[in-house]
Amino acid sequence: MQTKLFIGGDFVDAADGATFDTIDPHDGSVLAHVAEARREDVDRAVAAARKAFPHWSRMPAADRGRLLLKLADAIEADAENLALLETRDTGHPLRDTLGLDVPRTAATFRYFGGMADKFQGTVVPVEAGFLDYVVPEPLGVIGQIVPWNFPVMFVGWKLGPALAAGNCVVMKPSEVTPLTALRIAELAAEVGFPPGVINMVPGYGQTAGQRIVEHPDITKLSFTGSSNVGKQIAMRAADTLKQVHLELGGKGANIVFADAQLEAAVNGTAFGIFHNQGQACIAASRLIVHESLKDEFLDRLVTLADSIRLGDPKDRTTEMGPLTSKLHWDRVISYLDVAAQEGGTVLAGGKAPSDPALADGYYIRPTIVETSPDARAAREEVFGPFMVVHTFKTDEEALEIANSVDYGLGGGLWTSDLARAHKTARELRAGMVWVNSYKRVNPGSPFGGVGISGYGREMGFEAMREYTEPKATWINVDAELPPFYPRG
Ligand code: NAD
């Protein structure tokens, strides 16, 4: 297991020898001591990335793409190991890391590997006699800061397009879950990425993160994390006029209309909120169900939630693992008190499991609370297996509740009526909408939000645009230019 910083193609200790512990959330044991990057280490990483940039950015795009494709193959070949590492570091059940997260990471690298030599410029039809061509140029050194909830996938989402476009990267994985990012750096070195193109500097936000935000040689910052930190970062990045891309929190609305297919909606709703213990920015954390359907829908949903198998995430039959850190567990648990004080009714969960085998881990039962749309628990991101329920009478009311929060990331709806589906999707204030499904992602489909969920997009052509700057070059081929200041 690699636990050092990855700078300039080598695994190295932190300059001052600092380390931090990463914890197994299943039992609270120390999993590894990891080198902790601080200011000086970030500076070294940025210098290595700058040095690598001229060669990497001028390399034929197809060659960059080939390396990304090789990395995708290496990730697939290492899938069992990567998935287990991710499971131990995050608490995601192995069935998810092996079945979803690692394959998606490989697929993302493969998608952007294929994109590298297909993302092209344009020629603009300007005045006669001129050729105006526009080339998407890489930006330089990109700083990327990521959270702990899907660490392996975020390496693919962030590195894939940035590297395909010809940039070099300094990435700070979360201090809570740094291990799979370091393993991917190791695989990248093995498949032949030149030194300095990828640099990994695990460390804390206030030190390593802050230095990335402030560093004058970083051209663009791509940040995924909470809305509060995102705001601070945007303000601080203004000092160096860095470009900023923000992927922030969410409070996803999930509307179930009276004409929904019940079984599919119940299953999709449970997946939407409880997958990855609800630690997903696009989690379906607000169920908005038609009043005529409420009793039957909730009966089925509560039965399903109560039957979800909590357990050791390394066990392949486990359906829900622990939350990823004790700090976060405390935060999620605190919302149970908030909901109770606000008069919410707990319909399912609302407590830690009673199984003594799970007593040292950061577990919480799938929780469903009926409460008012004005309640704090219904407006603030809890980021756990915690769903609030509201009911509605008319389509307008459903939309009003759905759009009443400040977040605008993902949202879903369940209906058999095609016109209602399109109309509601159009009116939902969100960057992504799923109809009769929830939480679909694909490397080709833009991912991002509106409102306090941030701005900019991951994935697809949009991500390539995020990581390039269009440069227009005007060539006077045979234009006759009369003098602007005629004399004599
Ligand atoms: P966080 O904002 O606390 O931390 C995210 C990252 O930022 C970490 O690497 C952290 O070390 C770093 N950081 C913290 N303070 C910093 C500072 N002052 N300067 C620079 N870096 C700093 O978020 P978290 O608790 O790690 O993750 C959960 C949050 O992430 C949730 O709000 C969730 O919705 C959001 N998220 C959003 C998306 C998306 O794509 N929109 C995806 C996943 C998670």
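Please read these numbers as outputs of a predicted model, since none were measured by experiment. (Residues numbered from 1 in each chain as written. Predicted model: local features only at pLDDT ≥ 70, side-chain atom pairs only at ≥ 80, totals over all residues. Heavy atoms only, no water.)

### What about the confidence of the model for the protein?
Turning to step 1, where the next piece is worked out: For the protein, per-residue confidence averages 97 on the pLDDT scale, and residues scoring 70 or more make up 100% of the total.
Turning to step 2, where the next piece is worked out: Confidence, read as mean pLDDT per element, is least for helix H11 (residues 326-341) in the protein (95) and greatest for strand E8 (residues 168-172) (99). (pLDDT = per-residue confidence, 0-100. Helix = DSSP H or I, 4+ residues; strand = E, 2+ residues; numbered from the N terminus.)

### With respect to the domain arrangement of the protein
Turning to step 1, where the next piece is worked out: By domain assignment, the protein separates into domain 1 (5-248 + 453-473) and domain 2 (253-435).
Turning to step 2, where the next piece is worked out: For domain 1 and domain 2, the distance between their C-alpha centres works out to 30 Å.
Turning to step 3, where the next piece is worked out: Taken together, the contacts link 30 residues of domain 1 with 30 residues of domain 2.
Turning to step 4, where the next piece is worked out: Roughly 2400 Å² of surface becomes buried between domain 1 and domain 2 when both sides are summed, with 57% attributable to carbon and sulfur atoms.
Turning to step 5, where the next piece is worked out: It is His-26, Trp-148 and Ser-453 in domain 1 that bury the most area against domain 2; as a group they hold 26% of the surface buried on that side.
Turning to step 6, where the next piece is worked out: Linking domain 1 to domain 2 there are 1 salt bridge. (Domains from an automatic or database assignment. Contact = heavy atoms within 4.5 Å. Buried area = accessible area lost by both parts, 1.4 Å probe. Salt bridge = Lys/Arg side-chain N within 4 Å of Asp/Glu carboxyl O.)

### Side note on the packing of helix H9 (residues 262-274) against helix H10 (residues 294-307)
Turning to step 1, where the next piece is worked out: For the pair H9 and H10, the least separation of the axes is 10 Å and the interaxial angle reads 50°. The orientation of H9 relative to H10 falls into the category oblique. Regarding H9 and H10, the two cross each other, and that crossing is right-handed. Contacts between H9 and H10 involve Leu-262, Glu-263, Ala-265, Val-266, Asn-267, Thr-269, Ala-270 and Phe-274 on the former and, on the latter, Glu-296, Phe-297, Arg-300, Leu-301, Leu-304 and Ala-305.
Turning to step 2, where the next piece is worked out: Of the residues assigned to the contact of H9 with H10, the class counts are 9 nonpolar, 2 polar and 3 charged. (Axes fitted to C-alpha atoms, helices over the stretch in contact; angles between N-to-C directions. Parallel < 35°, antiparallel > 145°, perpendicular 65-115°, else oblique. Left-handed = near helix turned anticlockwise from the far one by under 90°. Nonpolar A, V, L, I, M, F, W, Y, C, P; charged D, E, K, R; others polar.)

### So, the pattern of salt bridges
Turning to step 1, where the next piece is worked out: Here the structure, examined in full by the defined rule, presents 29 salt bridges.
Turning to step 2, where the next piece is worked out: When the shortest N-O distance is used, the salt bridge between Asp-217 and Arg-50 registers 3.0 Å. You can see Asp-217 sitting in the loop between helix H7 (205-214) and strand E10 (220-224) and its partner Arg-50 sitting in helix H1 (residues 39-58), a full 167 residues away along the chain.
Turning to step 3, where the next piece is worked out: Residue classification places Arg-50 among the partly exposed positions, given a relative accessible area of 46%. (Buried < 20%, exposed > 50% of the residue type's maximum accessible area, 1.4 Å probe, protein only.)

### Focus on empty space enclosed by the protein
Unfilled space is identified by rolling a water-sized probe across the atoms.
Turning to step 1, where the next piece is worked out: All told, the structure shown has 3 cavities of 30 Å³ or more when counted by the stated rule.
Turning to step 2, where the next piece is worked out: There is about 100 Å³ of room inside the largest cavity.
Turning to step 3, where the next piece is worked out: Lining the largest cavity we find Arg-104, Phe-150, Met-153, Phe-154, Trp-157, Phe-271, His-275, Cys-281, Ile-282, Lys-439, Val-441 and Phe-447.
Turning to step 4, where the next piece is worked out: Taken together, the residues of the lining of the largest cavity break down into 9 nonpolar, 1 polar and 2 charged.
Turning to step 5, where the next piece is worked out: Within this model, the second largest cavity holds a volume of roughly 70 Å³.
Turning to step 6, where the next piece is worked out: Taken together, 16 residues line the second largest cavity, and the ones lying closest to its centre are Lys-251, Ala-253, Arg-286, Gly-410 and Arg-429.
Turning to step 7, where the next piece is worked out: Elements represented by at least two residues in the lining of the second largest cavity include exactly strand E17 (407-408) and strand E18 (410-414).
Turning to step 8, where the next piece is worked out: A class-by-class count of the residues in the lining of the second largest cavity yields 7 nonpolar, 6 polar and 3 charged. (1 Å grid on protein atoms, 1.4 Å probe; cavity = no way out; pocket = protein on both sides within 12 Å on 5 of 7 lines; lining within 4 Å. Points joined across faces, edges and corners; volume = space filled by probe spheres on them.)

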